[in-house]
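Read off the chains here:
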Amino acid sequence: MSGRARGLGATAARGALAAASVGYRAAVRLRNWTYDAGWRAIERAAVPVVSVGNLTAGGTGKTPCVEYLARFFRDCEMRVAILSRGYGTESGPNDEALVLEENLPDVPHLQGQDRSALARTAVEELESELLILDDGFQHRRLARDFDLVLVDATNPWGYGWLLPRGLLREPIDALRRAHGAVITRSNQAPDMEVERVVERIRRHNPAAPIARAVHQPAAWRRHGQPDSPIADLAGRTVSAFCGLGNPAAFRATLDGIGCRVADFRTFPDHHAYSRADVADLSRWAERQPSDAAIVTTQKDLVKLRTAVLGGRDLFALRIALEILPGSEADRLHRALRQLTTNLGHRAP
């Protein structure tokens, strides 16, 4: 996808994937047209709906942003519920739900394929006053009052191709549907590159506020124990592993807090750790330098649910989204607060 691999085989594979992208693009265009033309019904919830989504597959930081918005609206004294498709929830809540449950124990999180039905449940049974739709930009069936799109500064356009040749889930001009945008990990890309991202968003959506955000290390977490300060492992040697859509961002975060990474293992996004995986990780942990701390992400820890690997303490980095101050951030926050002025149920 990235184009880094060279040779005849890689070139042929990219050509085949590019051909498949043509069909994917046509299917996406047709699906969006059926909603825009009214051929498919769009259902409206009885309370405001805020969607958090993106254009690319993989990690843009949606879960920390959902947490940020839930706290924002709770501070506005709103009863909030989170709705998500819940990929991989056949055997229980997925990793993102478990992270949100840990960090927001008093915010209901409903998962299921029919998010319109979830919205009715949240309003009628939980008396929710505002709904946050997780990973909702491509979900057109449930109407939203605010579409917030996240763009990752480290790989904003998914190598410039739609799936399966690249990571784009729909063409970039879909940004015209957005009410606001947040450029995540803006501290992990040069300022000039971030400005180019802003300019490209503006070409498709001149009016939307475009804020910048960073994923700020918040604490070290150990299973079943209180959080500890980031400074506890700053400057230490660490051996790390993760199953994320953007593992390079996790490594960059470790570098940013002064950790010296001795070894770094990656698993697929949303990886379900098996007993064999845990045994393999335990053997790997035993082989690491004696002075290295074993670290992972909170998203991985909620699935592993252990404080020790290979006889070594296991630390997970908890991340919080921070929207950087500025006029665009002020515009975004004003638009979000405006949603709280129309409390009460409305006609669907």
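Owing to the predicted nature of the structure, the values given are computational and were not obtained by experimental measurement. (Residues numbered from 1 in each chain as written. Predicted model: local features only at pLDDT ≥ 70, side-chain atom pairs only at ≥ 80, totals over all residues. Heavy atoms only, no water.)

1. As for the nonpolar core
Proteins that are soluble and globular tend to have nonpolar side chains buried together.
Move 1: Counting residues in each nonpolar core, the largest one holds 28 residues, and the members touching the most others are L69, F73, I132 and L336.
Move 2: Elements supplying a minimum of two residues to this core: strand 1 (49-54), helix 2 (62-75), strand 2 (80-84), strand 4 (130-134), strand 5 (146-152), strand 7 (210-221), strand 12 (312-323) and helix 9 (327-338).
Move 3: Here this core takes six residues from helix 2, the largest share from any one element.
Move 4: Not counting chain neighbours up to four residues away, the residues in contact with L336 comprise V50, L69, F72, F73 and F146.
Move 5: L55, V149, L175 and I210 belong to the second largest nonpolar core, which has 20 residues in total. (Core = buried A, V, L, I, M, F, W, Y, C linked by side-chain atoms within 4.5 Å. Buried < 20%, exposed > 50% of the residue type's maximum accessible area, 1.4 Å probe, protein only. Helix = DSSP H or I, 4+ residues; strand = E, 2+ residues; numbered from the N terminus. Contact = heavy atoms within 4.5 Å.)

2. Details of a nonpolar patch on the surface
Move 1: A contiguous nonpolar patch, built from L30, W33 and W39 and spanning about 420 Å² of accessible area, is present on the exposed surface.
Move 2: Within the element layout of this structure, W39 appears in the loop between helix 1 (8-36) and strand 1.
Move 3: On the accessibility criterion, W39 (67% relative accessible area) is exposed. (Patch = residues over 30% accessible without salt bridge, like charges linked within 9 Å, V, L, I, M, F, W, Y side chains within 5 Å. Areas by Shrake-Rupley, 256 points an atom, 1.4 Å probe, with all protein chains shown as cover. Salt bridge = Lys/Arg side-chain N within 4 Å of Asp/Glu carboxyl O.)

3. Quick look at the packing of aromatic side chains
Move 1: Under the definition given, this model contains seven aromatic pairs.
Move 2: Ring centres of F250 and F264 lie 6.0 Å apart, and the angle between their planes is 40°; this geometry places the pair in the tilted category. Of the two residues, F250 is situated in helix 6 (residues 247-256) and F264 in strand 9 (residues 260-267); the sequence distance between them amounts to 14 residues. As far as burial versus exposure is concerned, F250 and F264 are alike and both buried.
Move 3: In textbook terms, an aromatic cluster arises when at least three aromatic residues are bridged by ring pairs, as seen for F241, F267, Y273 and W284. (Phe/Tyr/Trp six-rings, centres within 6.5 Å; stacked < 30°, edge-to-face > 60°.)

4. Some details on the packing of helix 2 against helix 9
Move 1: Viewed as axis vectors pointing N to C, helix 2 and helix 9 meet at an angle of 60°, and their least axial separation amounts to 11 Å. One way to sum up the angle between helix 2 and helix 9 is to call them oblique. The hand of the helix 2/helix 9 crossing is right-handed. Taking contact as the criterion, the partners of Y68, L69, F72 and F73 in helix 2 are, on helix 9, H333, L336 and R337.
Move 2: Among the residues forming the contact of helix 2 with helix 9, the class breakdown is five nonpolar, one polar and one charged. (Axes fitted to C-alpha atoms, helices over the stretch in contact; angles between N-to-C directions. Parallel < 35°, antiparallel > 145°, perpendicular 65-115°, else oblique. Left-handed = near helix turned anticlockwise from the far one by under 90°. Nonpolar A, V, L, I, M, F, W, Y, C, P; charged D, E, K, R; others polar.)

5. Concerning the confidence of the model for the protein chain
Move 1: Across the protein chain, the average pLDDT comes to 93, with 96% of residues at or above 70.
Move 2: Under a pLDDT of 50 for its full length, residues 344-348 has, in the predicted model, eleven contacts with residues more than four places off or in other chains. (pLDDT = per-residue confidence, 0-100.)

6. Observations concerning the pairing of strand 5
Move 1: Among the seven residues in strand 5, seven count as buried, and that is most of the element.
Move 2: Every second residue of strand 5 is oriented toward a common face, with F146, L148, L150 and D152 on one face and D147, V149 and V151 on the other, all of them buried.
Move 3: Sheet analysis places strand 1 next to strand 5, joined by five bridges and oriented parallel. Paired with V50 across the bridge in strand 5 is F146.
Move 4: In terms of strand pairing, strand 5 meets strand 6 (residues 180-184) through five bridges, oriented parallel. Pairing of L150 across the sheet is with V182, part of strand 6. (Pairing = 2+ DSSP bridges.)

7. Some words on helix 6
Move 1: For helix 6, the full list of buried residues reads A249, F250, T253 and L254. Considered in projection along helix 6, the buried side chains sweep an arc of 145° and stay on one side of the axis. Exposed positions of helix 6 whose direction lies more than 90 degrees from the buried face are A248 and G256.
Move 2: Residues of helix 6 that are buried sit in contact with strand 7, strand 8 (237-243), strand 9, strand 10 (293-297) and strand 12.
Move 3: Phi for G258, located one or two positions after helix 6, is positive at around 90°. (Arc of directions from axis to C-beta.)

8. Looking at the pattern of salt bridges
Move 1: Enumeration over the complete set of coordinates arrives at 27 salt bridges.
Move 2: In this structure, R79 engages E129 in a salt bridge whose closest nitrogen and oxygen atoms are separated by 3.6 Å. Note that R79 is positioned in the loop between helix 2 and strand 2 and E129 in the loop between helix 4 (115-124) and strand 4, a separation of 50 residues in sequence.
Move 3: E96 is paired through a salt bridge with K299; the nearest N and O atoms lie 4.0 Å apart.

9. Some thoughts on the side chain of K299
Move 1: Relative to the assigned elements, K299 resides in helix 8 (residues 298-304).
Move 2: Judged by relative accessible area, K299 falls into the buried class, the value being 15%.
Move 3: A polar contact of 2.9 Å, which involves the side chain of K299, links it to the side chain of D269. (Polar contact = N/O pair within 3.5 Å; in protein donor to acceptor, adjacent residues only side chain to side chain.)

10. Things to note about the pairing of strand 4
Move 1: Counting buried positions over the five residues of strand 4 gives five, a clear majority of the element.
Move 2: Here four bridges tie strand 1 to strand 4, and the two strands are oriented parallel to one another. Opposite V49, over in strand 4, you have L131 as the bridge partner.
Move 3: By the bridge criterion, five bridges tie strand 2 to strand 4 in an arrangement that is parallel. Each residue of the ladder has a partner; that of S84, found in strand 4, is D134.

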